[in-house]
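Survey of secondary and tertiary structure
Okay, here's what each chain looks like letter by letter:
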Amino acid sequence: MNLILFILWIILGTFQKPLLSYAGTPLFVTPTGIIREIENRRGQWIAFKAEVQLNFSRGQQTASCNGEMVYNRLDEKLLLECSDSKKNVVFAFKAIDRDYQLYLPSRKTVFSGNVFELQDSPEIESHLKPLDLYRALKPLVIPAQNASIETVDQNSVTLRVLGENQRFIYLARRILANRQGDIMREIYYSFQGEPVVTIYRNKFQKSKLADYPNRKNIFYPKEVLIENGSSNRKTLLEFEDVKFYSFLAEQNWDLNVPADTQFIHLKE
């Protein structure tokens, strides 16, 4: 093999690697490699318990409450109770997969149904949509076959993730991840290509499993900001005292409501 062909062979062979760096700058990246980094960074937790402060804003209007949250990502179970500064319950929310219960003390009512029904229900003026909350707590799985790289630089990678609706292919998500594998921003799109919700994740902190501290580190954001499309609604979640678990012992998922509470099931 002559010298020129030998050099070309080395160059081409090098650029087939999933990730190549020169002075810290990535030259070639694959969706599979980035997705692997994201999954590794996520850690091996199944559930967490946390104290969380929720800050709501819409234009000049603001409100806040302090909550206790239990989340099991394997079974998609969520329990959140939020109270004001006087310890009065503002709302309580329970979800198991797609089924939910929302308790509003001001209306002495528990609403139940499907999270997709609650998302746009005219009967409930909900600042924080339950589907958006699910999305904020855990980025959805990224199918490698539906992902492509849009931009890449020395600090971050942007992925386009396609979805399918009745055989119609559309841009479902746009993801910005840093080189460590933390998803810093996710934009979800409608079938018509309009941004529906944008989720920002900041101040990633390193944690350990409470029940298996010798396992690999967990990196989770201390702050998560949810912006809802063109409605100008924003919700900031600030997590404190988060404890991660590889499994949850017996947990009471029932809402504690007064005896005179009415129950209303919302239908499509």
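Scroll up a little and you will see the structure.
Residues numbered from 1 in each chain as written. Predicted model: local features only at pLDDT ≥ 70, side-chain atom pairs only at ≥ 80, totals over all residues. Heavy atoms only, no water.

Turning next to the nonpolar core. One finds F48, L54, F91, L137, L237 and F239 to be the most contacted residues of the largest nonpolar core, which totals 37 residues. Element by element, the count of residues in this core is highest for strand 3 (residues 47-58), at 5 residues. Once you skip the residues sitting within four places of it in the chain, L137 turns out to touch F48, M69, Y71, L78, Y220, L237 and F239. (Core = buried A, V, L, I, M, F, W, Y, C linked by side-chain atoms within 4.5 Å. Buried < 20%, exposed > 50% of the residue type's maximum accessible area, 1.4 Å probe, protein only. Helix = DSSP H or I, 4+ residues; strand = E, 2+ residues; numbered from the N terminus. Contact = heavy atoms within 4.5 Å.)

Attention shifts here to the state of the cysteines. Per the counting criterion, the structure on display carries 1 disulfide. With a sulfur-sulfur separation of 2.0 Å, C65 is cross-linked through a disulfide to C82. In this structure, the disulfide formed by C65 and C82 twists by about 100° around the S-S bond and is classed as right-handed. Taken together, the positions of C65 in strand 4 (residues 61-72) and C82 in strand 5 (residues 77-83) put the pair 17 residues apart, joining distant regions of the chain. With relative accessibility at 0%, the residue C82 sits in the buried group. (Disulfide = S-S within 2.5 Å.)

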